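Structural features, examined
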Amino acid sequence: MSLRIGVDLGGTKIEAVAIAADGAERFRRRIDAPRGDYAASIAAIVSLVREIERFSGERPPVGVGIPGVISPATGVVKNANSTWLNGRPLHADLERALERPVRLANDANCFTLSEATDGAGAGAQVVFGVILGTGTGGGIVVGGRVLAGANAIAGEWGHNPLPWPDASELPGAPCYCGRRGCIETFLSGAGLQAARGRSDLTAREIADAAGQSDPAAMAALETYTKRLAKSLATIVNTIDPDVIVLGGGLSNIASLYTQVPRLWSAWIFSDRVDTRLARARHGDASGVRGAAWLNP
Ligand SMILES: [Zn+2]
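Residues numbered from 1 in each chain as written. Predicted model: local features only at pLDDT ≥ 70, side-chain atom pairs only at ≥ 80, totals over all residues. Heavy atoms only, no water.

Take the pairing of strand β9 (residues 136-142) next. Counting buried residues in β9 gives six out of seven residues, a clear majority hidden from the surface. Taken together, the seven bridges between strand β8 (residues 126-132) and β9 define a ladder with antiparallel strand orientation. In the strand pairing of β9, Phe128 is matched with Ile140. Hairpin connection of β8 to β9: three residues between the antiparallel strands. Count of turn residues in the β9/strand β10 (residues 145-146) antiparallel hairpin: two residues, of which Gly143 carries a positive phi of about 60°. (Buried < 20%, exposed > 50% of the residue type's maximum accessible area, 1.4 Å probe, protein only. Helix = DSSP H or I, 4+ residues; strand = E, 2+ residues; numbered from the N terminus. Pairing = 2+ DSSP bridges.)

Across the sheet, five strands lie side by side as β3-β2-β1-β4-β7; this open sheet has mixed pairing. Two strands close off the open sheet at either side, each with one partner strand: β3 (25-32) and β7 (102-106). On average, each strand axis in the sheet is inclined to that of its neighbour by 15°, with strand direction left out of account. The pairing of strand β2 (residues 13-19) with β3 spans seven bridges and is antiparallel. Bridging across to β3, Ala16 finds its partner in Arg29. Packed onto the sheet, helix α3 (residues 107-118) meets β1 (4-9), β4 (62-66) and β7 and runs at close to 100° relative to β7. (Axes fitted to C-alpha atoms, helices over the stretch in contact; angles between N-to-C directions. Contact = heavy atoms within 4.5 Å.)

For the rest of this paragraph, the subject is the coordination of the zinc ion. Taken together, His159 (ND1), Cys175 (SG), Cys177 (SG) and Cys182 (SG) make up the protein donors of the zinc ion, found 2.1 to 2.3 Å from the metal. Sequence spacing of the donors to the zinc ion: H-x15-C-x1-C-x4-C. Linking His159 in the loop between β10 and α4 (183-187) with Cys177 in the loop between β10 and α4, this pair joins segments that are 18 residues apart in sequence. (Donors = N, O, S within 2.8 Å, 3.2 Å for Na, K, Ca; no water.)

Strand pairs in the sheet, formed through backbone hydrogen bonds, run parallel or antiparallel to each other. Strand order in this open sheet of five strands is β10-β9-β8-β11-β12, and the pairing throughout is mixed. Looking along the sheet, the strands with just one partner apiece sit at the ends: β10 and β12 (276-279). Here five bridges tie β8 to strand β11 (residues 243-247), and the two strands are oriented parallel to one another. Bridged to Ile131 within β11 is Gly247. Packed on one face of the sheet, helix α8 (residues 256-263) meets β11 and β12 and runs near 160° to β12.

What follows deals with the packing of helix α5 (residues 189-196) against helix α7 (residues 215-239). In the contact formed by α5 and α7, the axes pass within 8 Å of each other and the chain directions differ by 130°. Here α5 is positioned oblique relative to α7, judged by the angle of their axes. Two packed elements cross with a definite hand, and for α5 against α7 that hand is right-handed. Only Ala216, Ala217, Ala220, Leu221, Tyr224 and Arg227 of α7 make contact with α5, whose side of the interface consists of Leu192, Ala195 and Arg196. Partitioning the contact of α5 with α7 into residue classes produces seven nonpolar, no polar and two charged. (Parallel < 35°, antiparallel > 145°, perpendicular 65-115°, else oblique. Left-handed = near helix turned anticlockwise from the far one by under 90°. Nonpolar A, V, L, I, M, F, W, Y, C, P; charged D, E, K, R; others polar.)

Turning our eyes to something else, we now look at the layout of surface pockets. Empty space among the atoms becomes apparent when a probe as large as a water molecule is rolled across them. What the largest pocket holds in volume is close to 1,600 Å³. Forming the walls of the largest pocket are 49 residues, and the residues nearest its centre are Asp107, Ile131, Gly133, Thr134 and Gly135. Elements represented by at least two residues in the lining of the largest pocket include exactly β1, β2, α3, β9, α5, α6 (203-211) and α9 (286-293). When residues in the lining of the largest pocket are grouped by element, the largest group, four residues, is from α6. Residues that form the lining of the largest pocket fall into these classes: 16 nonpolar, 22 polar and 11 charged. A volume near 500 Å³ is recorded for the second largest pocket. Lining the second largest pocket we find 24 residues, and of these Arg103, Leu104, Ala105, Val146 and Leu294 sit closest to its centre. Looking at the lining of the second largest pocket, the elements that each hand over two or more residues are β5 (69-70), β7, α3 and β10. Ranked by residue count, the leading element in the lining of the second largest pocket is β7, at four residues. (1 Å grid on protein atoms, 1.4 Å probe; cavity = no way out; pocket = protein on both sides within 12 Å on 5 of 7 lines; lining within 4 Å. Points joined across faces, edges and corners; volume = space filled by probe spheres on them.)

Structure representation (C-alpha cells):
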C-alpha cells in the first residue's frame, strides 16, 4: 500500500492517520492526550504507530505535528503551549522509541503542507497557511516543502503587532508571549469575543448572530474582518504568496473570503492583488494529514 503515518500531538488529543500515496485515508484514530505527562505522550504515539503497523503489515515512515517547534540550536521543544513538552528532546526520544527516522514539524506548518499538497493550495508555488482558533498560527510552504526557518519560527506572524492600528487598538490586550497587542490577541476566537465585548458568547455564536443581521455582532465581525485584512496584507507585502489558506474554527466564517480580499488592497503595495484567499479543504484533518506528508 506504501502508506505514510501522520500523528498530530495536540494538547488535549493525539490523532494518527495512515494515508496512501493518493491521499486516501486507510486508518484514523483519535485518543485523549496524557496531559502533563511527557513519557506517557511518547508511549501513546508509539502505541498508535504499532496499531497501524499491525493493521497494515507495513512499517511506514512517521511524521509528527507538534505544538511549538524543535529548536534547531538545542534540539529540544520550545514555544509549545502544551508546556510539559518544552525543554524535552522530543525528536530524539521519538526516533529512539520508534526505531526509525521521524520527521517533526510545527502544527501550523503541517496544516499548510497538507493544504499545499492536496488541499486548497494544491499546485501553488507559495502557500501561506493560517490557523484562526484558540490561537493564531501561521506556516509557509514553498514548492511543496515547509519553510522552517533558521529559528524554526517562519510564519509565526501571530506574535507580530497588529499593523496600522487605530487609537482603539492601542496598546492592545496582553498576550501570553509577554507583549501587548499581538495579532493573535485580535484574530483568535478570544479576539472576536473582545470585539463583541461579550466573553460569554462563543466566536461561533457571534458569527452566527452576524449572519442573522444582529447589529452588534455585525459590527464586531466587521472589525475582525478589517483586522484580518490588514494583518494578511503584511504577509502579502513580505512573501507575496499565491494563496493564503485559512483553517481553524474561525475559518468557517464564509463572509471572510469575500470581504477580506475587498479590503486588503488598501494596505498591499501593488496596483492589483492576485493572491487568493481560500478555506482549508481538509478542515480539522489537515494537521494530521500534513504530518504524514512530511515524509516525501
Ligand atoms: Zn504574543
